[in-house]
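# What the coordinates show
Each chain, letter by letter, is given below.
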Amino acid sequence: MSDETVEESGRYPFREIEKTWQVRWADASVHRAENESSRPKHYVLVMFPYPSGSGLHVGHCKNYVPGDVAARFKSMQGFNVLNPMGWDAFGQPAEQDAIKNGVNPRQIVPKLAEIYKKQLDILGVSYDWSREINTTSPEYYRWNQWIFLKLFEKGLAYRDFAPVNWCDNDKTVLANEEVVDGKCWRCGSVVQKRPLAQWKFKITAYADKLIEGLDKINWAEGVKTQQREWIGRSEGAEVDFAVMASPNPDNGEPKVENSESGSPLLGLGDKITVFTTRPDTLWGATFMVLSPEHPLVSQITTPEQKSSIESYISEAAKKSEADRTDDTKEKTGVFTGAYAVNPVNDAKVPIWIADYVLTGYGTGAIMAVPAHDQRDFEFARKYNLEIKVVVQPEGEKLDGATLDAAWPGDGTMASSGVIDGIPAGKGEGESVKAAIVHLATLGAGRGKIQFRLRDWLISRQRYWGTPIPIVHCLACGIVPVPESELPVVLPDIEEYRPGPDGRSPLSTVPEFVNCACPKCGGKAERETDTMAGAMDSSWYFLRFADPKNSERAFDTKIANDWMPIDTYIGGREHAVGHLLYCRFFTKFLHELGLCDADEPAASLKNQGMLNAYTPILSGTDKAIKPEEFVHYPREDWIAAYNQNKKPIPAERYVELDGVKSVEPIEVEFSWLKMSKSKKTAVTPDEMAEKYGADALRLYILFEAPFESDIQWSEERMNGTFRFLGRVWDIIMNVIEGSPSPDNAPDPSNGGPDKESEVRALRRKTHQSIAKVTDDLENFRFNTAVSALMILSESLRKFVNAGGTSHPAAREAAEALVLLLAPMAPHLADELWSRLGAEGFLYRTDWPKSDPALAAEDELTVVVQINGKLRDKLVVPAGTSREEQEAAALASEKIQSDLSCLTVRKVIVVPGKLVNIVAN
RNA sequence: GGGCGAGUGGUGGAACGGUAGACACGCUGGUCUUAGGAACCAGUGCCGAAAGGCGUAGGGGUUCAAAUCCCCUCUUGCCCACCA
């Protein structure tokens, strides 16, 4: 862009300035973090991106920009700042691209990384690029493998044949977190259950520690609560129910055995163990329910019930997780024909199966207490099962026969043998403790803490990931690859598509698969699963401390110097995924003695999203892409829709069985996450070209609070652009000492010669320093920008009134530039050097506010009568309580308003207000 | 159903329990001009000519004083949803 065009735009030459300073910063490596430093450390980390083909759009800047402001601010405050960036590049999107384009993802990733890096540089983000990492490089993923081996060594990585979530469309297994409403989070197709040998990490072993650690980290309560619930700790007991002998086939009646005299047990002494948080209600357990997948079901089912049980099981298998867990549906189940014995009262309880009992939680079996659990109650009513009340609420006498809902609340134990009469209550309740003691004496149960959290499924039947460093030997079984042989390098392959059997594409590469057993030297095969991408991001923050280490994952001393992350920035959507995994890893590595920190991030900040006004199908939240429309007069529609908020009739193309046609639709607009695929993406490149990166940065900071969503508007961005133009003009005036511009207001009434004007400007300067410092410290960027606007306005007025070369103007100009530096770094550095200073603002001291200069010498005091504003007074600072009250009462306005009232009481807040209570 | 948020002008948003609407966008009028994506000046919550009154989703409450704290209702966002 030529200078002439810049001149024509009437704005400051932002393109030239931004380019110049980006080159200077890079040449001087100003943003490099020092491993040895006398300055205190500050580690700022923004969650690293997943480079995809579409590159960055301005929505992504919602976290990178504030992260950069935090880093620059801390650096100016004298901290040795670590602000690194890298690429989380293993995983599906890159692989899908590769499949589509027939290229190896390893060729695409570096190109994407280059694009991202360039875009981030255009934004002027102060990353220490010497620490750039790429999770797909063998130098990185060999340490994934190393950590895997450590987990294996400690028994925390294991192979399991549990049923897994299978997406038939993507041909892959999904983690529980990747299943949304029983559907694949990526493609939306229904997830099936399939048994497959998988590698898992025993995150459940850290369940308690993961809950306890939450208390000492400064994360949003919402995120912490989500984690607590996800881990789902509940206290209760396990209870064993003995299964009774098969009913007599002769008469079809179950044979009631006397448990006291003979053994009621079937053959091998089968028992069903259940978990309950209410062992105290055991006397009210009138039946049991197993999940359809429970292993005992086939053994205990009687011949008469066999066919109905089998058909129920096959129906249940067909249902998606979404259907099964929809609690609005009526509960269904089938009787197995078998009975068990309630260990506390020897009652004969029928055993049912029902899909409301989940295989994955507890033992996959429950004791049903219909009187005190609503689900069991509904089930009992439907199938005419006994309802026995064992907790009587205060002042009531419930009867199972007439109950219309379960009573889950407190009360007194009744009909409960040895615990009769004890106060009943969940958790800390005495009755629960007493029941557990009693169970222990019977040998039929024990106290137990149950977690909802499941072990972390790490296996992927995918190409683009870290190979799992395990060898399967016919003779030795599962053998870990020796550390000295790491990395197990991901080979180049031709076909990335997984086979229809769901096995990893790596299984098709004999040179990879076939190997010698590290233990016996015999023929063996490599594990062909790769690791989930979440593995990479679970410890990358430690690698950033020591990214080039070829001997170890990271040096412990260096890691200790940097950890924990002081400010971690990322989206709320990672609350129970990444943010839980990385805490688990940090705790594990801590226990290995590899780092002092046992929590990765001392403080976590969650940014809001940036949304774009997107056309949607009326009555849904489904976006319609512009190319689907037959005609799409966007601007007109938006205007029309905004005016009367009524759907706009339109037409779109549809393709049914290969036949294209046009269908009428109704269109509305809604604020949805900016996205390339919805064609709502605006790139930072084009905005930087048009308005400059500084203006874009300022827009993102100013438009809404950090945690709130932004509704993207280029029109508003124009506002921060104009502000920067004004800053440029004002400070150039100060620098050049030029007289006020032609269109400045007449300086005749009051000029900077007046001592009060000078004092006022200096006050504003020092107040602004204090305000902006506090705001940046607390991520209140929007009000920080506003404070700068106010300061620049004060300076502009002062300059226009002829104060161009006054020292107070110089002081204000310097403060303005310094305070602006973290947010609009290019313009700030340019003006700073034009103001005659040396060096980069990144390493320049943050200004200090002088409280004496910031103090007001006059204060406005509000006078209220009965809380309503009646008058305002200006009093000198330091006016006493009494003087202030007297002045208020002396006010003419107040006198007249009080004329027919009696003063009852006067409240005085010095320097603030006087409230006169009168009637 | 549960958990956590949120509801303030035409718009984005400000407001330690103490002047509601800072700062912007937009809009209205004006100045200037090399007619620009300008710049500058003035105005802009609602009703009212004014005095004044009314105003922070709605209704109660606490308080000298409530957008802010408490209770109820409504609306809305996100997350989890048969967890025994």
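Residues numbered from 1 in each chain as written. Chains lettered and ligands numbered in written order. Predicted model: local features only at pLDDT ≥ 70, side-chain atom pairs only at ≥ 80, totals over all residues. Heavy atoms only, no water.

## Some remarks on the sheet that holds strand E25 (residues 477-480)
How we decide: For two strands to be treated as a pair, DSSP must find at least two bridges joining them. Helix and strand definitions here come from DSSP, where helices need a minimum of 4 consecutive H or I residues and strands a minimum of 2 consecutive E residues; each element is numbered from the N-terminal end. Note on geometry: axes are C-alpha line fits, over the in-contact stretch for helices, and angles between N-to-C directions span 0 to 180 degrees.
The four strands lie next to each other as E25-E24-E27-E26, forming an open sheet whose pairing is antiparallel. For this open sheet the edge positions go to E25 and strand E26 (514-516), each flanked by a neighbour on one side alone. Between one strand and the next, the sheet's axes are offset by a mean angle of 40 degrees, whatever the strand orientation. Of the pairings in the sheet, the one linking strand E24 (residues 470-473) to E25 comprises four bridges and is antiparallel in character.

## Here we look at helix H22 (residues 755-777)
Heads up, the condition is: Helix span, as expected, comes to 1.5 Å for every residue beyond the first. The cut-offs for exposure are 20% and 50% of the maximum accessible area for each residue type, with area from a 1.4 Å probe on protein chains only; residues under the lower value are buried, those over the upper are exposed, and the others partly exposed. Should any heavy atoms of two residues lie within 4.5 Å, those residues are counted as being in contact.
A rise of 1.5 Å per residue sets the reference length of H22, with its 23 residues, at 33 Å; its end C-alpha atoms lie 33 Å apart and thus fit the reference within 8%. Within H22, the full set of buried residues consists of Val758, Leu761, Arg763, Thr765, His766, Ser768, Ile769, Val772, Thr773, Asp775 and Leu776. The elements touched by buried residues of H22 are helix H3 (61-76), helix H23 (781-803), helix H24 (807-820) and helix H26 (851-854). Just downstream of H22 lies phenylalanine 779, where phi reads positive at about 60 degrees.

## Considerations on the sheet that holds strand E34 (residues 710-711)
Pairing is mixed across the open sheet formed by four strands, whose spatial order is E32-E33-E31-E34. Sheet topology places strand E32 (648-656) and E34 at the edges, where each strand pairs with a single neighbour. In the sheet, strand E31 (residues 610-617) pairs with strand E33 (residues 659-673) via seven bridges, with the strands oriented antiparallel. In the strand pairing of E33, asparagine 611 is matched with lysine 673.

## Quick notes on the protein's contact with RNA strand B
Stated formally: For this description, a residue counts as near a given molecule or strand if any of its non-hydrogen atoms is within 4 Å of it. Distance and chemistry together define a polar contact, namely a pair of N or O atoms within 3.5 Å, with one atom able to donate a hydrogen and the other to accept it when in protein, and with adjacent residues in sequence counting only for side-chain atoms on both sides. As a working rule, the residues Ala, Val, Leu, Ile, Met, Phe, Trp, Tyr, Cys and Pro are called nonpolar, Asp, Glu, Lys and Arg charged, and the rest polar, with Gly in that last group.
Surveying the vicinity of RNA strand B reveals 54 residues, the closest of which are Thr276, Thr277, Tyr691, Arg716 and Lys872. The share of sugar and phosphate among atoms of RNA strand B within 4 Å of the protein is 59%. A distance of 2.4 Å separates a sugar or linking oxygen of RNA strand B from a polar backbone atom of threonine 277. Within the side chain of arginine 716, an N or O atom sits 2.3 Å from a base oxygen of RNA strand B. Taken together, the residues of the surface near RNA strand B sort by class into 17 nonpolar, 15 polar and 22 charged.

## Brief notes about the confidence of the model for chain A
Our working definition: In predicted models, pLDDT denotes the confidence assigned by the predictor to each residue on a 0 to 100 scale.
Looking at chain A, pLDDT values average 87 and 90% of them are 70 or higher. Confidence over residues 248-268 falls short of pLDDT 50; this stretch has 27 contacts with residues more than four positions distant or in other chains.

## What to know about the packing of aromatic side chains
This is how the line gets drawn: Side-chain rings of Phe, Tyr and Trp (the six-membered ring for Trp) are treated as a pair once their centres are within 6.5 Å; stacked means planes under 30 degrees apart, edge-to-face means over 60, and tilted covers the remaining angles. Lysine NZ or arginine CZ positioned within 6 Å of the ring centre and within 35 degrees of the ring normal marks a charge as sitting over the ring.
All told, the structure shown has 43 aromatic pairs when counted by the stated rule. With 6.0 Å between their ring centres and 65 degrees between their planes, phenylalanine 152 and tryptophan 199 make a pair best called edge-to-face. Within this pair, whereas phenylalanine 152 is found in helix H6 (residues 138-153), its partner tryptophan 199 is found in strand E11 (residues 198-201), the two being separated by 47 residues in sequence. Judged by its relative accessible area of 0%, tryptophan 199 is buried. Taking 5.3 Å as the distance between ring centres and 25 degrees as the angle between the ring planes, the aromatic pair formed by tyrosine 613 and phenylalanine 669 counts as stacked. Linking tyrosine 613 in strand E31 with phenylalanine 669 in strand E33, this pair joins segments that are 56 residues apart in sequence. Of the two residues examined, tyrosine 613 and phenylalanine 669, each falls in the buried class. Ring-pair connections join several aromatic residues into one group, and the members of that group are Phe148, Phe152, Trp199, Phe201, Tyr206, Trp456, Tyr581, Phe584 and Phe585. Cation over ring: arginine 72 sits above tryptophan 25, and NZ or CZ is 4.6 Å from the ring centre. For the cation-ring pair, lysine 660 lies above tyrosine 653, with the distance from its terminal atom to the ring centre recorded as 5.8 Å.

## Some thoughts on unusual backbone geometry
With the exception of glycine, the majority of residues adopt a negative phi angle, and the majority of peptide bonds are in the trans configuration. Residue proline 487 follows leucine 486 across a cis peptide bond; omega there is 0 degrees. Relative to the helices and strands, proline 487 is located in the loop between E25 and helix H14 (510-513). Methionine 563 connects to proline 564 through a cis peptide bond whose omega is -5 degrees. Tracing the backbone through its elements, the reader meets proline 564 in the loop between helix H16 (556-562) and strand E29 (567-570). Unlike most non-glycine residues, serine 29 shows phi in positive territory, near 45 degrees. In this structure, serine 29 sits in the loop between helix H2 (14-28) and strand E1 (41-46). Despite not being glycine, asparagine 384 has its phi angle at roughly 60 degrees, a positive value. Within the secondary structure, asparagine 384 is located in the loop between helix H12 (374-383) and strand E18 (391-392).

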